[in-house]
Amino acid sequence: MTGRLIYLIGPSGSGKDSLLDAVRETLEGEGCRVARRVITRSAEAKGELAEAVSAEEFARRAERGDFAMSWYANGLSYGIPAVIDDWLAAGDDVLVNGSRGYLPEARRRYPHLLAVLLTVEDAVLRRRLHARGRESAEEIETRLARNAGFADTLLAGENPDLCLLDNSGDLEQTCQRLLQLIEAHRSQAWPDSA
Ligand SMILES: Nc1ncnc2c1ncn2[C@@H]1O[C@H](COP(=O)(O)OP(=O)(O)O)[C@@H](O)[C@H]1O
Ligand SMILES: O=P(O)(O)OC[C@H]1O[C@H](OP(=O)(O)OP(=O)(O)O)[C@H](O)[C@@H]1O
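Residues numbered from 1 in each chain as written. Chains lettered and ligands numbered in written order. Predicted model: local features only at pLDDT ≥ 70, side-chain atom pairs only at ≥ 80, totals over all residues. Heavy atoms only, no water.

Under an unreviewed UniProt entry, the name given to the chain is Ribose 1,5-bisphosphate phosphokinase PhnN, and the organism recorded is Metapseudomonas resinovorans NBRC 106553. In its Function (unreviewed entry) section, the UniProt record describing the chain reads: "Catalyzes the phosphorylation of ribose 1,5-bisphosphate to 5-phospho-D-ribosyl alpha-1-diphosphate (PRPP)." UniProt, in the comment section headed Sequence similarities (unreviewed entry), describes the chain in these words: "Belongs to the ribose 1,5-bisphosphokinase family." (UniProt positions renumbered as here; feature names shortened; annotations may be inferred.)

**Some words on the site of ligand 2**
The environment of ligand 2 is made up of 20 residues, and the closest members are Arg41, Tyr78, Arg100, Arg143 and Arg146. A distance of 2.9 Å is found between an oxygen atom of ligand 2 and a side-chain nitrogen or oxygen belonging to Trp71. Contact between ligand 2 and Gly98: an oxygen atom at 3.3 Å from a main-chain N or O atom of the residue. Protein chains bury 98% of the 490 Å² of accessible surface belonging to ligand 2 in isolation. At the level of secondary structure, the elements contributing two or more residues to the shell around ligand 2 comprise helix 1 (16-28), strand 5 (67-73) and helix 6 (137-155). The biggest single contributor to the shell around ligand 2 is helix 6, with three residues. Split by residue class, the shell around ligand 2 holds four nonpolar, six polar and ten charged. (Near = heavy atom within 4 Å. Polar contact = N/O pair within 3.5 Å; in protein donor to acceptor, adjacent residues only side chain to side chain. Areas by Shrake-Rupley, 256 points an atom, 1.4 Å probe, with all protein chains shown as cover. Helix = DSSP H or I, 4+ residues; strand = E, 2+ residues; numbered from the N terminus. Nonpolar A, V, L, I, M, F, W, Y, C, P; charged D, E, K, R; others polar.)

**Some details on the sheet that holds strand 2 (residues 32-34)**
Strand order in this open sheet of five strands is 2-7-1-8-9, and the pairing throughout is parallel. The open sheet is flanked by strand 2 and strand 9 (163-166), the only strands paired with a single partner. With direction set aside, neighbouring strand axes in the sheet form an average angle of 25°. One ladder, built from four bridges, connects strand 1 (residues 5-9) with strand 7 (residues 93-97); its direction is parallel. Along strand 7, the bridge assignment pairs Leu5 with Val94. Of the strands in this sheet, strand 1, strand 2, strand 7, strand 8 (114-119) and strand 9 touch helix 1, which is tilted by about 145° from strand 2. Against the sheet, helix 7 (residues 171-186) engages strand 1, strand 2, strand 7, strand 8 and strand 9, with an angle of about 160° to strand 9. (Pairing = 2+ DSSP bridges. Axes fitted to C-alpha atoms, helices over the stretch in contact; angles between N-to-C directions. Contact = heavy atoms within 4.5 Å.)

Given below as structure tokens:
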């Protein structure tokens, strides 16, 4: 594979979708694709750069090998289409909306991925989740509780190359910083083992 995988992670509500949406056009003009996820979420949910499918359809696709990566979290199944491997093989870089829980497996599959962790101050995160209004108050609490488990493990030295990107402030600034991070990563030579 010659392209690079950029694996964006962060708590639900930290702004991953907003960020991907905002940088998509710029990145695609520079040969970096933004993957569209497949999620077992009802089609009426707005603001998600994803294809919504039933659990049965998701299982069929998984069985067929349609996903390069897939995971289950928050009561939903998420899949990243296998086409990303074609894009990477063709030399395109690929940006995906990933999962913190799946990061170790993603690293096994893509040893040279760039992991970018989007962070948001707790109070801001809670406010944004409620303002988004996609989940019930109970689902929001469950998502916030899930974050506590990741805060320690992700930052406890197991991921020395993890890039932190704060999105507590203006989205436009976060976009610019993400584009800079990606640019810096792309300008690095591939490790010999790649
Ligand atoms: N920098 C920002 N400033 C203000 N609101 C933001 C910012 N980034 C995202 N949001 C809002 O926060 C909510 C969650 O963002 P979203 O992109 O859906 O997060 P995620 O995909 O990580 O769950 C959305 O309503 C979005 O409009
Ligand atoms: O292991 P985690 O890092 O907790 O991630 C689990 C899933 O939750 C997030 O999606 P979610 O359904 O919340 O969509 P969102 O990002 O649009 O909120 C994230 O994008 C992952 O797919």
